[in-house]
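Architecture and fold: a report
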Amino acid sequence: MSSRSALWRALLALAVVALSLWITLTTPPRLGLDLRGGTRIVLQTEDGPTVRADAAATDRALEVLRKRVDGLGVAEPSLARSGERRIVVELPGLRDPRQAAEVIGRTAQLTFHAVTGEARGPAGPATPNGTRVLADPDAPGRFLALAAPALTGDGVESADAVLDTTDGRGWTVDLSFRDRAAGTWAELTGDAACAAPGDPARRVAIVLDDRVVSAPAMQSGVPCGAGIGGGSAQITGGFSAQEARDLAALVEGGALPVPVTTVEQSTVGPTLGAEAIRASVLAAMIGLACTGLLVMVIYRLLGVLATAALLLYGLISYAAVVALGATLTLPGLAGFVLAVGIAVDANVLVFERAREEYAALGRTAVRDSRRPLATAFGKVWSAVADSHITTLLAACLLFVFATGPVKGFGVTLAIGVVTSLLTAMVITRLLADLALRLPAVRRRPAVTGIAGLGRLRTRLTRRAPRLMTHRRRWLISCAGLLLAALAGIGVRGLEFGVEFTGGRVVQYTAERPVDADEARAAITGVGYPDAVVRTTGDGGDVSVRVRETGDAEQRAIREALTRVAGPVEVERDDLIGPSLGGELRTHALIALGLAVAAQLLYLTVRFRWTYATATVAAMTQDVLLVVGLFAWLGKPVDSVFLAALLTVVGYSVNDSVVVLDRLRELRRRGGGVPLPDLADRAVAQTLPRTVNTGMGALFVLAALAVLGGDSLTDFSVALLAGVVLGMASTVFTAMPLAVALETRRPARAPAAGGGSGPGRRAAVAREDRSGAVV
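Scoring rules and cut-offs
Residues numbered from 1 in each chain as written. Predicted model: local features only at pLDDT ≥ 70, side-chain atom pairs only at ≥ 80, totals over all residues. Heavy atoms only, no water. Helix = DSSP H or I, 4+ residues; strand = E, 2+ residues; numbered from the N terminus. Buried < 20%, exposed > 50% of the residue type's maximum accessible area, 1.4 Å probe, protein only. Contact = heavy atoms within 4.5 Å. Areas by Shrake-Rupley, 256 points an atom, 1.4 Å probe, with all protein chains shown as cover. Pairing = 2+ DSSP bridges. Axes fitted to C-alpha atoms, helices over the stretch in contact; angles between N-to-C directions. pLDDT = per-residue confidence, 0-100. Expected span 1.5 Å × (residues − 1). Bend = angle between axes of the 7 residues up to and from the residue. Disulfide = S-S within 2.5 Å. Patch = residues over 30% accessible without salt bridge, like charges linked within 9 Å, V, L, I, M, F, W, Y side chains within 5 Å. Salt bridge = Lys/Arg side-chain N within 4 Å of Asp/Glu carboxyl O. Phe/Tyr/Trp six-rings, centres within 6.5 Å; stacked < 30°, edge-to-face > 60°. Core = buried A, V, L, I, M, F, W, Y, C linked by side-chain atoms within 4.5 Å. Parallel < 35°, antiparallel > 145°, perpendicular 65-115°, else oblique. Left-handed = near helix turned anticlockwise from the far one by under 90°.

1. Some points on the overall build of the protein
A count of helical and extended segments in the protein gives 22 helices and 21 strands. Counting all 774 residues of the protein, 51% fall into the buried class. Sequence separation of 24 or more characterises 77% of the internal contacts of the protein that already satisfy a separation of 6 or more. About 33000 Å² of surface is accessible on the protein, with carbon and sulfur atoms providing 60% of the total.

Here is the structure:
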């Protein structure tokens, strides 16, 4: 590396690290509701009698909802349109989904009516001339006949909840009218004031969504004909403080232009979010420590430098997430931790290749360890780029097709992939170049960690495995495993999570441990025999899954649990409508299908179609094996599992791409060596990289599985299985299949360096002795 290029790399690295440190110290992260607690509601606009629920109507509804949410007093609420007819509302700290959904989802049509007299019930809809009959809020069983509305909520300028101590009124809602509406209010109250005391016509009815919330009679001080001036009014009704605030928010927000329905609802307690952050951070620290220790033991000085670069990678990735304003969710934390494995992979690829280059040149020929390292950086670029791009494809598909927290996983994974390229190809290279310039290091090349092939590589070089000789046996064995997985899917079936089926899942924390059968019997007793009840931990955490229910039904379930387990608290509440569940299930299948197609297309462009087909076949096998494993274990298939599957896609392709990239290189230089022998050499030369990278990922995933809690256990199990299966399928599925396809459809091997003369034979012989390609 020239001095000029080294200087530019150093300046770039310093600028990025300094900026990342500044962002980390000055900008707080934006935490998702699953980490800080609160309620998330997804509303869908529906066509009204006269208005179509298009994007414009949804935008108008969004503005009305924003005013209502502001009236609730929630700190830092978030409202955004998703698609044409969806509105996502996030309310941090609000743990009562019933209250939130009732307030923000109501049509909230406020009207003011003159009362024409008492009437017989029951209440009914408005007649063609606008008159109607509604229940009297002050006298149960009595009904009021109302004239057509004289005034609507559009004339209200502001509404405030006020504690009025006059005559013991308590909490009221004070209204302020706009100019023209103020005159209409004065006229309406003036007409009512002309009626005799005790006459129902002396009252004015204030109606909200077909319900009379207040019908005050005009006091004796209100002048007949003149009415109440000043453009103000007061709604009374014995409200509590919360009821008054909710009503004020509804009135001030105005009426929704189109009806809305709740299609998804999720509530997370702050304690659960704090535990998730603690567990994820602890898992990250343990995983990073174990991975760094492994790298330092194997690669010595360069391992120390790679570990330092890994820490900088964590800093840069976190700063990028914060700077972009991305919401950090629980799956996002998992993606952040998991991307550590990608960063380790790039460093391991470089160091293993540097070992090969060092061995190929020979100890006496290498006077400066920077030479084989620089050569390694140049030669691994293709494999590093391919492996990172395939993972990036999976992350992008997650971002496009996933919803909610899993979308955050795609964001952090994509950021991790890009940052990995920067740290491995710039920062690690810069640190290594500076360290290898030191005289003490140049005198002791063994300390660098690249002066030897390592024990595993040495053994494989002396006696390369003859795996491809038995390629038919491996393919038959893999087919047997695949049939077992498909049998699990067919026999046991898949337990789709509530995201894909619709329904409601509530997680409770009980005061004392409770047996699952006892809890199930209690819930069956209140009318839910089909409820799925699970207890976790010491029995103090109870998860109840039922078909889509309302809040009244959930209160009945909670009361049933209270009778057998003592007081219970809701830690998490997820509601998914059946239409949204079907939509999410369709999106999941589309995401997986596009992931396979995108990988096949990219690999066909980068390699031959035979290599691409073998890689995608191995990746599809890994996905089906993980799905089959979950079917046999009876674990739920949900959106977080989808994130794990798409990550398995990226990891599986990573391994296959590295090995097939080496096979392609060996074919260019292999002369007349048979293809199966070249495939065996490719496996032998890349196996240390596969093992070392896999171990780094397994450390992180094992820590997540043990410490990540229930939310991340299934996610970690899926990825643990995916990583192990990905390493195995590369050797026993992708490579044998590629050899079989190439044997049937051979490609003309390109000549390199002039055919297969003496120079070619010498090069091949040197490769045989050292395990490197020159």
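2. Concerning the sheet that holds strand E10 (residues 170-177)
Strand order in the open sheet formed by three strands is E9-E10-E13, and the pairing between neighbours is antiparallel. Either end of the sheet is taken by a strand with one partner, and the two such strands are strand E9 (156-164) and strand E13 (232-239). Averaged over all pairs of adjacent strands, the angle between their axes in this sheet comes to 25 degrees, without regard to strand direction. Pairing analysis gives five bridges linking E10 to E13, with the strands arranged antiparallel.

3. Brief notes about the confidence of the model for the protein
This prediction gives the protein a mean pLDDT of 79; 86% of its residues lie at or above 70. Long-range and interchain partners of residues 749-774, a stretch whose pLDDT sits below 50, account for 45 contacts in this model, where long-range means more than four residues apart.

4. Quick look at the environment of Ala556
Looking at the secondary structure, you find Ala556 in helix H16 (residues 551-565). Ala556 gets classed as partly exposed once you look at its relative accessible area, which sits at 25%. A sequence separation of 33 residues divides Ala556 from Ile523, and the C-alpha atoms of the two residues are 8.5 Å apart.

5. A closer look at helix H20 (residues 675-707)
Given a rise of 1.5 Å per residue, 33 residues ought to cover 48 Å, and the 46 Å separating the end C-alpha atoms of H20 matches this to within 8%. The sharpest bend along H20 comes to roughly 45 degrees, located at Thr686, with the proline Pro688 sitting one to four residues further on.

6. Digging into the state of the cysteines
Evaluation of the coordinates by the stated rule reveals one disulfide. Sulfur-sulfur distance for the disulfide between Cys194 and Cys224 comes to 1.7 Å. Note on the Cys194 and Cys224 pair: the S-S dihedral is about 95 degrees, so by sign convention the disulfide is right-handed. One end of the pair, Cys194, is in the loop between helix H5 (179-193) and strand E11 (204-208); the other, Cys224, is in the loop between strand E12 (211-214) and E13, with 30 residues separating them in the sequence.

7. So, a nonpolar patch on the surface
On the surface, Leu293, Met296, Val297 and Val304 cluster together into a nonpolar patch covering about 350 Å² of accessible area. Looking at where Val304 falls in the secondary structure, it is placed in helix H7 (residues 270-323).

8. Some points on the side chain of Ser420
Here Ser420 shows up in helix H10 (residues 405-436). Setting aside chain neighbours within four positions, we find Ser420 in contact with Tyr313, Ile342, Ala343, Ala346 and His388.

9. Here we look at the environment of Cys396
Relative to the helices and strands, Cys396 resides in helix H9 (residues 370-401). Remark: the alpha-carbon pair of Cys396 and Ala595, spanning 199 residues in sequence, is separated by 9.5 Å.

10. Quick notes on the packing of aromatic side chains
Under the counting rule described, the total for this entry stands at seven aromatic pairs. Pairing Phe112 with Trp185 gives two aromatic rings, centres 5.7 Å apart and planes at 70 degrees, and the pair type is edge-to-face. Remark: Trp185 occurs in helix H5 and Phe112 occurs in strand E5 (residues 110-119); sequence separation between them is 73 residues. For Phe112, a relative accessible area of 0% gives the class buried. Judged by its relative accessible area of 4%, Trp185 is buried. Judged by centre distance (4.5 Å) and plane angle (40 degrees), the ring pair of Phe630 and Phe641 falls under tilted. Placement of Phe630 in helix H18 (residues 609-633) and of Phe641 in helix H19 (residues 639-669) is noted, with a sequence separation of 11 residues between them.

11. Some remarks on the nonpolar core
In this structure, Leu373, Leu603, Phe641, Leu663, Phe715 and Met735 are the most contacted members of the largest nonpolar core, which totals 103 residues. The greatest single-element share of this core, amounting to 17 residues, is contributed by H19. Contact partners of Phe641, with chain neighbours within four places excluded, come to Val626, Val627, Phe630, Pro636 and Ala718. Core analysis: the second largest hydrophobic core is formed by 28 residues, Val156, Ala159, Ala244 and Val251 among them.

12. Quick look at the packing of H18 against H19
Taken N-terminus to C-terminus, the directions of H18 and H19 make an angle of 150 degrees; their axes are 9 Å apart at the nearest point. One way to sum up the angle between H18 and H19 is to call them roughly antiparallel. When you trace H18 past H19, the crossing you get is right-handed. Residues Tyr611, Thr615, Ala618, Met619, Asp622, Val623, Val626, Val627 and Phe630 of H18 form the contact with H19, whose participating residues are Phe641, Leu645, Val648, Val649, Ser652, Val653, Ser656, Leu660, Leu663, Arg664 and Arg667.

13. Some points on the pattern of salt bridges
Per the counting criterion, the structure on display carries 22 salt bridges. The salt bridge partner of Asp677 is Arg466, with a shortest N-O separation of 2.9 Å. One end of the pair, Asp677, is in helix H20; the other, Arg466, is in the loop between helix H12 (455-462) and helix H13 (471-491), with 211 residues separating them in the sequence. Residues Asp714 and Lys635 are paired through a salt bridge, measuring 3.1 Å at the closest nitrogen-oxygen approach. Within this pair, whereas Asp714 is found in helix H21 (residues 710-744), its partner Lys635 is found in the loop between H18 and strand E21 (636-637), the two being separated by 79 residues in sequence. Residue Lys635 is classed as partly exposed on the basis of its relative accessible area, which comes to 24%.

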